Amino acid sequence: MGRSIRQIDTDGHSVPQRTSADRLAVDGGTPVRPVGRRWPVWPVPAPNAGPFLDTVLHGERWAITSPAGRELFERRFARMFADYVGTRHCVPVDHGSSALVVALEALGLDHGDRVLVPALTWVATASAVLRAGLVPVLTDVDPLTGCLAPEYLDFGAQPRAVLPVHWSCAMADIPAISAAAAAHGARVVEDAAQAHGAEWLGRPAGSLALIGCFSMQQSKVLAAGEGGAVVTDDDRLLSVMQELRADSRRYTTAENAPQGLELEESATMMGANLCLSEFGAALLCAQLESLDAQHEIRNRNYAVLAGLIEGVPGVRLLRHRAEQTRISVYELPIVFDPLPTGMSNSEVAEALTAELGVRFYPPREPLSRSRLLRPWTKPTLGPLAERFVAENRGRAFPNAEYLAGHAVLTHHSTLLGDERDMADIADAVAKVVFSRS
């Protein structure tokens, strides 16, 4: 099948024109995108990735516990990322989940305290709360952004903390959430695992609350295979979080550290080994150099795609609050309301995948029915699991269910292409919609 015929609507937008006669590729029709035309791959090694990794490989410092020699990439990355996020401090860790655990433990809450968590997010946001000895209380999200919003927060259960997540490519209103939380004696930890480089009124994601947490897992826009970071402006929290991730040790301030080791047994807080390796740190130092250039491509293509699909009935991209002055696309959500006749969003995702040759998929189910969040299967959680069940029994999450049932996602690498790629996506979306109209 050839390219769609495009017409210009009254606002000057190019609108894909399709008819119900177009046969979907999943039904044996010709796909929108010619077979063999490839999409951008991910991850993309930055220019310095190889040299930096080679420095670690052939050096004598593979971990932060290595004796002194060249400067640790781990410490270099901590400085670079704190500067990028606009905070005074950064503590690198081995995973984004570890970042959440370290942040929550650093708050000094009591065992069993409640933490408000969005019902629409990856399971680690909630499981990290349990790992920190706390109880996640699931909370509905804003149907336009997929993020926590002040009007959906229930402080009747007297939570001690709130853990908002920036979801897919939209940001939660952290300042408003922080104000609401403070009025009830709760603190906010900002889960920015999907938002490296996003900005709220010019302030970077991760810098808006007391503590910000990031993931650098392979699929993220800043990737090291596995990795994470915690950021803060608080000097006391910096010291505590360093100990929490390095078995009660923090970086020494002594000029002549014993045996050349840079960690001292300060031991004011019992910790665990959640340290980022030098290989991951070196890779992140390189990848951070390319991040903003990639953001520019993705964000430009996001704007192009938004214009192309504006005329397709019942279809929109995820909305952002006006205060979000820069987006960071982790996943591209396309919302279908209503869904094409006779199709679930899983079937829409399957149809788009067949048309375009790149994976589209529905969001994860809300945590209230996730198979991955079943703390009662872990005997050591005991009473925490019982409290989790009791706190969340009978709760409804209609907005999370709405997005889980009406949105279709694709990975951010799809937006690293060009305008022709965006035209293909718009054509495929229009084809699916009009084929069932």
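Whatever comes next refers back to the structure up there.
Definitions and cut-offs
Residues numbered from 1 in each chain as written. Predicted model: local features only at pLDDT ≥ 70, side-chain atom pairs only at ≥ 80, totals over all residues. Heavy atoms only, no water. Buried < 20%, exposed > 50% of the residue type's maximum accessible area, 1.4 Å probe, protein only. Helix = DSSP H or I, 4+ residues; strand = E, 2+ residues; numbered from the N terminus. Pairing = 2+ DSSP bridges. Contact = heavy atoms within 4.5 Å. Axes fitted to C-alpha atoms, helices over the stretch in contact; angles between N-to-C directions. Parallel < 35°, antiparallel > 145°, perpendicular 65-115°, else oblique. Left-handed = near helix turned anticlockwise from the far one by under 90°. Salt bridge = Lys/Arg side-chain N within 4 Å of Asp/Glu carboxyl O. Lys, Arg positive; Asp, Glu negative; His and termini not counted. Polar contact = N/O pair within 3.5 Å; in protein donor to acceptor, adjacent residues only side chain to side chain. Phe/Tyr/Trp six-rings, centres within 6.5 Å; stacked < 30°, edge-to-face > 60°.

Overview of the pairing of strand 11 (residues 228-232)
Stage number 1. With five of five residues buried, strand 11 is to be regarded as a mostly interior element.
Stage number 2. By the alternation rule, side chains of strand 11 split into G228, V230 and T232 and A229 and V231, which are all buried.
Stage number 3. Both strand 3 (residues 89-93) and strand 11 contribute to a ladder of five bridges, which runs antiparallel. Within the sheet, the bridge partner assigned to C90 lies in strand 11 and is V231.

Some details on unusual backbone geometry
Across residues other than glycine, the phi torsion is negative in most instances, and most of the peptide bonds are trans.
Stage number 1. Between W42 and P43 the backbone carries a cis peptide bond, its omega angle lying at 0°.
Stage number 2. Among the secondary structure elements, P43 is positioned in the loop between strand 2 (14-17) and helix 1 (49-57).
Stage number 3. The peptide bond linking D337 to P338 adopts the cis configuration, its omega dihedral lying at 10°.
Stage number 4. Looking at where P338 falls in the secondary structure, it is placed in the loop between strand 16 (331-336) and helix 8 (345-356).
Stage number 5. The residue D247 is not glycine, and still its phi comes out positive at about 50°.
Stage number 6. Following the sequence through the fold, D247 ends up in the loop between helix 6 (235-245) and strand 12 (250-251).

Re the sheet that holds strand 3
Stage number 1. Spatially, the seven strands line up as an open sheet ordered 3-11-10-7-6-4-5, and their pairing is mixed. Taken across any chain shown, the strands that pair with only one partner, and hence form the sheet edges, are strand 3 and strand 5 (135-139).
Stage number 2. Sheet analysis places strand 4 (residues 114-118) next to strand 6 (residues 161-162), joined by two bridges and oriented parallel. Its bridge partner being in strand 6, L116 is matched across the sheet by V162.
Stage number 3. Here helix 9 (residues 383-392) sits on the sheet and contacts strand 4 and strand 5; the angle it forms with strand 5, its principal contact strand, is near 20°.

Observations concerning the sheet that holds strand 9 (residues 203-204)
Backbone hydrogen bonds hold the strands of a sheet together, and the pairing may be parallel or antiparallel.
Stage number 1. On the basis of which strands lie adjacent, the open sheet formed by three strands has the order 9-8-15 and antiparallel pairing. Strand pairing shows two members of the sheet lacking a second neighbour, strand 9 and strand 15 (324-326), which therefore form its edges.
Stage number 2. With two bridges joining them, strand 8 (residues 199-200) and strand 15 adopt antiparallel strand pairing. Residue E199 lies in a different strand from strand 15, and its bridge partner there is R326.

Some points on the packing of helix 2 (residues 73-85) against helix 7 (residues 278-309)
In a pair of packed helices, the angle between the axes and the distance between the axes together describe the arrangement.
Stage number 1. In contact at an axis separation of 7 Å, helix 2 and helix 7 are set at 25° when each is read in the N-to-C sense. By the criterion of interaxial angle, the relationship of helix 2 to helix 7 is roughly parallel. Our pair here, helix 2 against helix 7, has a crossing hand that is left-handed. Across the interface between the two elements, F73, E74, R76, F77, M80, F81 and Y84 of helix 2 pack against E278, A281, A282, L284, C285, L288, L291, D292 and H295 of helix 7.

Some words on the pattern of salt bridges
Stage number 1. Evaluated as defined, the whole model comprises 20 salt bridges.
Stage number 2. In this structure, D173 and R321 form a salt bridge, with 3.5 Å as the shortest nitrogen-oxygen distance. Of this pair, D173 sits in the loop between strand 6 and helix 5 (174-182) while R321 sits in the loop between strand 14 (315-317) and strand 15, and the two are 148 residues apart along the sequence.
Stage number 3. Note on R321: relative accessible area 32%, which makes it partly exposed.
Stage number 4. For E323, the salt bridge goes to R321, with nearest N and O atoms at 3.5 Å.
Stage number 5. Overall, the relative accessible area of 24% leaves E323 in the partly exposed class.
Stage number 6. Each of R33, R37, D421 and D424 takes part in a single network of salt bridges with overlapping partners.

Topic: the side chain of D142
Stage number 1. Relative to the helices and strands, D142 resides in the loop between strand 5 and strand 6.
Stage number 2. Of the buried charged residues, D142 lacks a salt bridge, with R321 as the closest side chain of opposite charge at 5.5 Å.
Stage number 3. Polar side-chain contacts of D142 include one of 2.7 Å to the backbone nitrogen of L144.
Stage number 4. Excluding anything up to four places from it in sequence, D142 contacts C147, A149, E151, Y152 and L403.

What to know about the packing of aromatic side chains
Stage number 1. Throughout the structure, instances matching the rule amount to five aromatic pairs.
Stage number 2. Ring centres 5.1 Å apart and planes at 70° place the aromatic pair W62 and F279 in the edge-to-face group. Here the residue W62 occupies a position in the loop between helix 1 and helix 2, and F279 occupies one in helix 7, the gap between them amounting to 217 residues.
Stage number 3. Consider the rings of F81 and F214, whose centres lie 4.9 Å apart with planes at 90°: the pair is edge-to-face.

Digging into the packing of helix 8 against helix 11 (residues 419-435)
Stage number 1. Two numbers describe how helix 8 lies on helix 11: the axes approach to 10 Å, and their chain directions differ by 135°. Taken together, the axes of helix 8 and helix 11 lie oblique to each other. Crossing angle aside, the handedness with which helix 8 passes helix 11 is right-handed. Contact with helix 8, carried on its side by V348, A351, L352, E355 and L356, involves D424, I425, A428, V429, K431 and V432 of helix 11 and no other residues of that element.

Some words on the side chain of D113
Stage number 1. Structurally, D113 is set in the loop between helix 3 (96-106) and strand 4.
Stage number 2. Of the polar contacts made by the side chain of D113, one reaches the side chain of R160; its length is 3.0 Å.
Stage number 3. If we skip the residues at most four places from it in the chain, D113 touches L134, V135 and R160.

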